[in-house]
Structures are given as structure tokens and as C-alpha cells.
Amino acid sequence: NYNVAFLMPNHTKMVSFDVNVVLRGKMMKVGDVTLSTTGMELHRKTSDAFGLLNETQLKLIYKGKQIEKSSTQPIFPTEPRKIPKLIAIATSNAEAKEIASMHSDPTIRGFDQLPTEEPSIKQSIPWGEGIVQNKRYKFCRFEACTWQSFGHRPNEKTPHAFAALQLLEKLAMDPGVVAIMKERELVVGTLGEMDPIDDRLMQQKQQDGGCLLGYNTNAGARIDIKLRTDDLQDFRSYPDLVSTLIHELSHNWVGEHNLLFWTNYAQMRVEYLYTHAGLRATIIQGETTAKLAGLDASKLDNVFDFIMHELVREMAQHGLHPTMIQDPIRSRCKELESKDDGRRVGRGSSDSFTGTSRERALAAAEHRMKEAKDNKK
């Protein structure tokens, strides 16, 4: 491996030797390397040995250090005892440009991005300290769609499954939803994200001319909500998600979309809005709970009119109109306005009903419907 190249005038031997360069698992010998070979020359020799094109970026690593392509200093100060081994990394300019244009993966953080102060950790709590699910009446598990459903790429706008999971937790800890769950003694096994692509129920519903935004399995054993928009670029608006969740919670009692279902649903919506109205003095990170829930003042100032307007479109799909149940809705609004705790479910004969909160809630809805029919007669 060692040959005498030529004799200097001072009769000093200039020795040339080979170096082994490994590129993509392939080893090549690069010859005619001397003690005066610079980094620039070694880059040229390596490119020639592997037949690399000019538009290829080459990196050479020797003993853990990168040999700069522009270096004019000799690489080997003394004659090596063994054949030196170098690692080569070759990247085309097109690949390098594509990598440079990609965004960093939001699921991977460096140590410098980790929270260093306690307040930054508290900001991740959606409704602030103290506003959490009830210990007994709650959503037990949360399940977002995994990346296998539609994939995640660092340069895509599709919200990550982590963000979907945080949104499900925010819905579960919403003060209005917590109030409904506690009032009616509800326990839901799993609150999950409905698969926006591979969902046969949604596809069947769309074929029938409808739009499925959620479904309730086995009277609350599992509730799935469609979180994402159709183009998968963002989440649906938070107020729409809350309406869908309350709609599915109402199916815990009534499966069909009849007048009893809509009466119960509307009264739950009333309870949700009045809960946020009662928390106007509660400020979380500079905002009221209503602002965090996407509710404006007009909805909270006139709950009855807002609910009636909201029900027109929803009930029309089933051939019904909210004027058929306006009396029990108005009655529920008056009850919550007249009570400081805003938790009373029924009145009249329903006050003496001795059952669970769930049974009292359904009995109250039936009582208000009966009372409204009697008044019309």
C-alpha cells in the first residue's frame, strides 16, 4: 500500500498511501493521498472514485470530525500506521433543497423547547385550575384517531392526534358539560374521535342525504364526535362540537329524534348556556369561560330565543318545529333564572319524584311536555 512517489531535492521521501472511504455501505479505496493532501483535494478524489456528479453535496468525516470541502490544510500531519477510514455522506442538491423546505415535526421537541417555568405548564389546562370533570359523573376514557387513519406529515396542516386528544379533554371539562353530566348523573365509557375517512356509518348517512357528526353507542357506553373538517385541515368550530356532544348525550335517554328527545336536548342546551352565563365573573387567562367556549354575549343574554333559532334548522331534518316544544324550553329558562344554583330540574308534581337525577331529568321533560299540551287544551 505504500509506494515511493518521487524524491525531493533534499532527498526526503514523499510517501503516498491509500484511504478507505465508506459511502452508503460501499467501501472504495482512494489512492495517491500524501501528507500534503488538503481537504479540497480529498473531496475531489473521493467524488472521482465514486463517480459523483457535480450537483451532489459531499461530506467527509474522519475520526468524528468533518473535513471541510474548502479546507486548504493537509489532512494527515504524519504518516498513518494503518489505512485511514473515512465516512462519506452524499446528498443531491434537489434532496437537500426538499429537506430544507420541510417544517419540523411538532411532536418532537428539543430540550430548549421544554417548559422551564410552572406557569407555562398551567397554561395547558383548558379551563384553568379547579375546573375539571366530576369524580363520579364523567367521561372515563378519551380516544383520538391514530396516524394510521389518514397519516401525519411534518409539512401538512392536518391537526395531530395529540391536538385531537386535547380537544376531547377540553370538551369533557367544559363547565357547561360538567354541569350537565353531574345534574343527570351521566357516565360515558369513552369519548372518541370519529374517523373522518374510514367511517361506514358516516358514508351511509351521506348517501341518504344527511351529515353524520357523531353517534352514541349502547346508551352512552361510547360517544364518537366528528372533530375535523371535511378537508382535514382543521377542527370544526368549538360551539358546533359542543352542540354535537350534547346531542349525543341526549341519546342516552331517547334513541329516536322525537319531541321528547328534542325537549330533553333543548333543556340540556339551556343548562349549558346558563352555566356559562353564571361564570361571567370567572376569568381564566384573561378570558371568561364563555369566551373560551366561543359564546358571544347575545347568546347568553337571550338564551330562549337563541335555542329556538338553533332548533329550527336541526328539527326541520325530522319534520318537526321548535314551537311544538317551546313551553317546556321557556319553563326551563325561567327555572334557571329564578334559582341561584341553576340546577333544579323540574317543578310541580315532578318535585316529589323520588328517583335518580337521570330519572328526574327525563320525568321533568315529560312533565313539561304534558303541562304544555294541557295548557293548549
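Residues numbered from 1 in each chain as written. Predicted model: local features only at pLDDT ≥ 70, side-chain atom pairs only at ≥ 80, totals over all residues. Heavy atoms only, no water.

## Quick look at the overall build of the chain
Here is step 1: Helix and strand counts for the chain come out as 14 helices and 12 strands.
Here is step 2: Out of the 377 residues belonging to the chain, those deemed buried represent 42%.
Here is step 3: Considering only contacts within the chain whose residues lie at least 6 apart along the sequence, 63% involve residues at least 24 apart.
Here is step 4: Accessible surface, the chain: about 21900 Å² in total, of which carbon and sulfur atoms supply 51%. (Helix = DSSP H or I, 4+ residues; strand = E, 2+ residues; numbered from the N terminus. Buried < 20%, exposed > 50% of the residue type's maximum accessible area, 1.4 Å probe, protein only. Contact = heavy atoms within 4.5 Å. Areas by Shrake-Rupley, 256 points an atom, 1.4 Å probe, with all protein chains shown as cover.)

## Observations regarding the sheet that holds strand 7 (residues 139-143)
Here is step 1: Here four strands make up an open sheet; going across it, the order is 7-8-10-9 and the pairing mixed. At either margin of the open sheet sits one strand with a lone partner, and together these are strand 7 and strand 9 (214-217). Each strand of the sheet is rotated relative to its neighbour by a mean of 15°, with strand direction disregarded.
Here is step 2: Set on the sheet, helix 5 (residues 161-173) makes contact with strand 7 and strand 8 (188-193); between it and strand 7 the angle comes to about 160°.
Here is step 3: Seen against the sheet, helix 8 (residues 238-250) touches strand 7, strand 8, strand 9 and strand 10 (222-225) and runs at an angle of roughly 150° to strand 10. (Pairing = 2+ DSSP bridges. Axes fitted to C-alpha atoms, helices over the stretch in contact; angles between N-to-C directions.)

## Things to note about the pairing of strand 9
Here is step 1: Burial of the side chains of strand 9 is restricted to one face: G214 and N216 are buried, whereas none of Y215 and T217 on the reverse face is.
Here is step 2: Bridge count between strand 9 and strand 10: four bridges; the pairing is antiparallel. Within strand 10, the residue paired with T217 across the bridge is R222.
Here is step 3: Between strand 9 and strand 10, which pair antiparallel and follow one another directly, the connecting turn spans four residues, one of which, N218, has a positive phi of 55°.

## What about the environment of D296?
Here is step 1: Considering the arrangement of structural elements, one finds D296 in the loop between helix 10 (289-292) and helix 11 (297-301).
Here is step 2: Polar side-chain contacts of D296 include one of 2.5 Å to the side chain of S298.
Here is step 3: At 3.2 Å, the side chain of D296 forms a polar contact with the backbone nitrogen of K299. (Polar contact = N/O pair within 3.5 Å; in protein donor to acceptor, adjacent residues only side chain to side chain.)

## Some words on the packing of aromatic side chains
Here is step 1: Inspection of the entire model under this criterion finds six aromatic pairs.
Here is step 2: Considering the side-chain rings of F17 and F76, the 5.4 Å spacing of their centres and the 80° angle between planes classify their relative orientation as edge-to-face. One end of the pair, F17, is in strand 2 (residues 13-23); the other, F76, is in the loop between strand 5 (65-67) and strand 6 (85-92), and 59 residues separate them in sequence.
Here is step 3: On the basis of relative accessibility, which here comes to 2%, the residue F17 falls in the buried class.
Here is step 4: For F76, a relative accessible area of 3% puts it in the buried group.
Here is step 5: With a centroid separation of 6.3 Å and an interplanar angle of 55°, the aromatic rings of W127 and Y238 are classed as tilted. (Phe/Tyr/Trp six-rings, centres within 6.5 Å; stacked < 30°, edge-to-face > 60°.)

## Some words on the packing of helix 8 against helix 9 (residues 259-277)
Here is step 1: Packing of helix 8 against helix 9 brings their axes to within 9 Å, and their N-to-C directions diverge by 135°. Relative to helix 9, the element helix 8 lies oblique. Considering how the two elements wind past one another, helix 8 and helix 9 form a crossing that is right-handed. Mapping the contact onto sequence places Y238, V242, S243, I246, H247, L249 and S250 in helix 8 and F261, W262, N264, Y265, M268, R269 and Y272 in helix 9. (Parallel < 35°, antiparallel > 145°, perpendicular 65-115°, else oblique. Left-handed = near helix turned anticlockwise from the far one by under 90°.)

## Digging into helix 8
Here is step 1: Over its 13 residues, helix 8 extends 19 Å from the first C-alpha to the last, a length consistent with the 18 Å expected when each residue adds 1.5 Å.
Here is step 2: Within helix 8, 11 of the 13 residues are buried, which leaves it mostly tucked inside the rest of the structure.
Here is step 3: Those residues of helix 8 not exposed but buried are Y238, L241, V242, S243, T244, L245, I246, H247, E248, L249 and S250. (Expected span 1.5 Å × (residues − 1).)

## Notes on the packing of helix 9 against helix 13 (residues 326-338)
Here is step 1: Running from N to C, helix 9 and helix 13 point in directions that differ by 25°, and their axes come no closer than 9 Å. The angle between helix 9 and helix 13 falls in the class roughly parallel. As for how helix 9 packs across helix 13, the hand of that crossing is right-handed. Contacts between helix 9 and helix 13 involve T263, A266, Q267, V270, E271 and Y274 on the former and, on the latter, P328, I329, R332, C333, L336 and E337.
Here is step 2: Per-class residue counts for the contact of helix 9 with helix 13 are seven nonpolar, two polar and three charged. (Nonpolar A, V, L, I, M, F, W, Y, C, P; charged D, E, K, R; others polar.)

## Things to note about the layout of surface pockets
To locate leftover empty space, one rolls a probe as large as a water molecule over the atoms.
Here is step 1: Of the pockets and cavities examined, the largest pocket occupies roughly 840 Å³.
Here is step 2: As for the largest pocket, its lining consists of 32 residues, of which L213, T244, H247, E314 and Q317 are closest to the centre.
Here is step 3: The set of elements that each furnish at least two residues to the lining of the largest pocket consists of strand 9, helix 8, helix 9 and helix 12 (303-316).
Here is step 4: Tallying contributions element by element places helix 8 first for the lining of the largest pocket, with seven residues.
Here is step 5: Its residues assigned to classes, the lining of the largest pocket shows 12 nonpolar, 11 polar and nine charged. (1 Å grid on protein atoms, 1.4 Å probe; cavity = no way out; pocket = protein on both sides within 12 Å on 5 of 7 lines; lining within 4 Å. Points joined across faces, edges and corners; volume = space filled by probe spheres on them.)

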